[in-house]
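A closer look at the structure
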Amino acid sequence: MKTDKGSAFIGRKRPVRGQRGIFLVPTVQLSISTVVLLFIGRGFLKLLAAMARRPIATMIVAVLVAGWIAWGPVTLLTVLGITALTTVAVVMTWRYADPVSYGKWFRAPVRSRWRRRWVYGRNWQPAMVLTGLARTVNDIEYAPYVRRVHSSNRRDLVQISMLAGQLPADYWQSPTNSPPPSARCG
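So, here's what we can say about the structure.

Take the packing of aromatic side chains next. Two numbers describe a pair of aromatic rings. These are the distance of the centres and the angle of the planes. Following the criterion strictly, the structure yields four aromatic pairs and no others. Consider the rings of Y120 and W124, whose centres lie 6.4 Å apart with planes at 70°: the pair is edge-to-face. Of this pair, Y120 and W124 both sit in helix α4 (residues 99-130), four residues apart, which is roughly one turn of the helix. The class of W124 is buried, set by a relative accessible area of 16%. Here a set of aromatic residues connected by ring pairs shows up, and it is made of W94, Y102 and F106. A cation over an aromatic ring shows up here: R122 above the ring of W118, its NZ or CZ 4.1 Å from the ring centre.

Put into structure tokens, the structure is as follows:
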């Protein structure tokens, strides 16, 4: 295959899955400008799909851009700063005015999300491999995943999804877990 300075080849050099024998996908010669336009178009379509999947984030960005255009950067940053300080003041007032509802509706969900992402999200896969709870089939590693985390002041309740064929006894036999009190007594 020869390439000119102003062209690029698009195509596969591997056999297509599901076909017998070695059949190569035909190669098409395109100019660099066409390839760049295709990549830009594909990126734009991915951006539109991301915006459709996350409408609230899209709305926040749109409001920030509109504020930047309408008011300018200094006024927009001032408004954002005042809004952030007001939000912090309201949350702190709620914390001291009604600690029970604050703990139930704000502190516990925020702590649970943070613990799920920071504590369990970063180290989960290596922990499952080291405890022997992950399985490898055809060079693909399968590990149980975290479904839900509920954190309190003293403990985390972690709900996980077991792999097909695993039993709760597999978790109890791993080196880092011990059976629950009801299983230890009987």
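Structure shown, so let's carry the discussion forward.
Below, the discussion takes up the packing of helix α3 (residues 73-97) against α4. At a minimum axis separation of 5 Å, α3 and α4 run at an interaxial angle of 125°. Relative to α4, α3 is oriented oblique. Contacts between α3 and α4 involve V91, W94, R95, Y96 and A97 on the former and, on the latter, P99, S101, Y102, W105 and F106. For the contact of α3 with α4, the residue count by class is eight nonpolar, one polar and one charged.

About the criteria used
- Residues numbered from 1 in each chain as written.
- Predicted model: local features only at pLDDT ≥ 70, side-chain atom pairs only at ≥ 80, totals over all residues.
- Heavy atoms only, no water.
- Phe/Tyr/Trp six-rings, centres within 6.5 Å; stacked < 30°, edge-to-face > 60°.
- Helix = DSSP H or I, 4+ residues; strand = E, 2+ residues; numbered from the N terminus.
- Buried < 20%, exposed > 50% of the residue type's maximum accessible area, 1.4 Å probe, protein only.
- Lys NZ or Arg CZ within 6 Å of the ring centre and 35° of its normal.
- Axes fitted to C-alpha atoms, helices over the stretch in contact; angles between N-to-C directions.
- Parallel < 35°, antiparallel > 145°, perpendicular 65-115°, else oblique.
- Contact = heavy atoms within 4.5 Å.
- Nonpolar A, V, L, I, M, F, W, Y, C, P; charged D, E, K, R; others polar.

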